[in-house]
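# Analysis of the macromolecular model
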Amino acid sequence: MGEIISGKKLSKEIREQVRLEVEALKVTYNAVPHLAVVLVGSDPASESYVKAKERACIKAGMKSTIILKDESLEEAELLSIIDKLNKDEGVHGVLVQLPLPKHIDENKVIDAIDFKKDVDGFHPLNIAYMHMGREAIYPATPSGIITMLKSTGIELKGKDAIIIGRSNIVGKPAAMLLMKEHCTVQIAHSRTLNLKEKCLQADIIVAAVGRANTVTEDMVKEGAVIIDVGVNRVDGKLVGDVDFDAIKEKASFITPVPGGVGPMTITSLLQNTVKTFKGLVE
Ligand code: NAP
């Protein structure tokens, strides 16, 4: 039976390290990293993500500000809020919770955030630097995936990895970061042919689709490492994209849902906020 990579446990350990680092930064700079989150509208999922981010920030000894705005907020007003946060020397991380209401152009908003404060790692400059293998702020979910893989102690170099999903926030950056770790990477998506055969070749499968049971036991090679990013509600229960119970018997390592990639995403956000702080003050 495969070993479960607990994102919950790993997160706890890393968040404690972050807290200690924040304490040390406070001594050195007489300041702590300050994350400002802008939430437009009242989508319940977004509200709960924003609250979870705030709780994690405070627990790590960082400062957190949430700017709540009504659904009707004009795009220009949001851009002006971002401009103020960019210019505020007391703010080190700026995050606009996505998705935004339809009348606001998300790309314009992402582009407007100072890339040095872009803790989500979605700004085109951070993405470009990541693709070039240069120092950058990496998106939180893929960063968490790499941290989880490294926590297993397996050698990533030379491994065949397949990422199922090609979104800008998970699939594509996860592929880049795995390539940076010297994996040989395939990216699959909804038009991919022979997904099963491709998965059977893989030492590492990252499922980031948003559809339960996309990866079944017959698609997995003995001893493969499975990272399940998906979050789906089936019969009121939270499940990932992979058939966990069957696959855990075959995999060498597997992440659960919940308690896997989810907590690691916020942990990576905290690490990114420390990184942007250091980039701005050092
Ligand atoms: P997304 O933007 O909807 O992308 C889904 C991807 O899956 C697309 O590239 C799509 O292909 C591909 N796909 C759809 N059906 C497929 C199929 N049958 N076979 C192969 N590929 C298929 O989703 P996302 O934002 O990347 O998120 C993916 C999942 O991860 C969601 O469940 C989301 O809730 C979860 N998530 C979790 C976290 C976390 O912290 N735990 C963070 C982010 C996302 P096309 O490009 O061809 O449409």
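See above for the structure.
Residues numbered from 1 in each chain as written. Predicted model: local features only at pLDDT ≥ 70, side-chain atom pairs only at ≥ 80, totals over all residues. Heavy atoms only, no water.

### Digging into the site of the ligand
Taken together, 18 residues surround the ligand, and among them Arg166, Ser167, Ser190, Val231 and Thr265 come closest. Here an oxygen atom of the ligand sits 2.5 Å away from a polar atom, N or O, in the side chain of serine 190. Calculation on the ligand without its partners gives an accessible area of 930 Å², and the protein chains cover 68% of this total. (Near = heavy atom within 4 Å. Polar contact = N/O pair within 3.5 Å; in protein donor to acceptor, adjacent residues only side chain to side chain. Areas by Shrake-Rupley, 256 points an atom, 1.4 Å probe, with all protein chains shown as cover.)

### A few points about the environment of leucine 270
Tracing the backbone through its elements, the reader meets leucine 270 in helix 10 (residues 261–281). The spatial distance from the C-alpha of leucine 270 to the C-alpha of aspartate 70 is 26 Å, given a sequence separation of 200 residues. The residues contacting leucine 270, other than those within four sequence positions of it, are Arg15, Val18, Ala56, Cys57, Ala60 and Met62. (Helix = DSSP H or I, 4+ residues; strand = E, 2+ residues; numbered from the N terminus. Contact = heavy atoms within 4.5 Å.)

### Quick look at the pattern of salt bridges
Tallied over the full model, the rule gives 13 salt bridges. Notably, a salt bridge pairs lysine 9 with glutamate 13, separated by 3.8 Å at the nearest N-O pair. Residue lysine 9 and its partner glutamate 13 are both found in helix 1 (residues 7–29); the two are separated by four residues, about one turn of the helix. Arginine 19 serves as the salt-bridge partner of glutamate 23, at 2.8 Å between the closest nitrogen and oxygen. Of this pair, glutamate 23 and arginine 19 both sit in helix 1, four residues apart, which is roughly one turn of the helix. A relative accessible area of 44% places glutamate 23 in the partly exposed class. Arginine 19 gets classed as partly exposed once you look at its relative accessible area, which sits at 25%. (Salt bridge = Lys/Arg side-chain N within 4 Å of Asp/Glu carboxyl O. Buried < 20%, exposed > 50% of the residue type's maximum accessible area, 1.4 Å probe, protein only.)

### Thoughts on the pairing of strand 8 (residues 225–228)
Side-chain alternation along strand 8 places Val225 and Ile227 on one buried face and Ile226 and Asp228 on a second face that is also buried. Two strands pair when backbone bridges link them, and strand 7 (residues 204–207) and strand 8 are joined in this way by four bridges, in the parallel orientation. The residue bridging isoleucine 205 from the neighbouring strand is isoleucine 226, located in strand 8. Taken together, the two bridges between strand 8 and strand 11 (residues 253–254) define a ladder with parallel strand orientation. Paired with isoleucine 226 across the strands is isoleucine 254, a residue of strand 11. (Pairing = 2+ DSSP bridges.)

### Considering empty space enclosed by the protein
Applying the stated criterion to the full structure yields one cavity of 30 Å³ or more. When its volume is computed, the largest cavity comes out at roughly 60 Å³. Around the largest cavity sit Val94, Leu95, Val96, Leu98, Val109, Ile110, Ile113, Asp118, Asp120 and Phe122, which together line it. Here the element with the most residues in the lining of the largest cavity is strand 4 (residues 93–96); it accounts for three residues. (1 Å grid on protein atoms, 1.4 Å probe; cavity = no way out; pocket = protein on both sides within 12 Å on 5 of 7 lines; lining within 4 Å. Points joined across faces, edges and corners; volume = space filled by probe spheres on them.)

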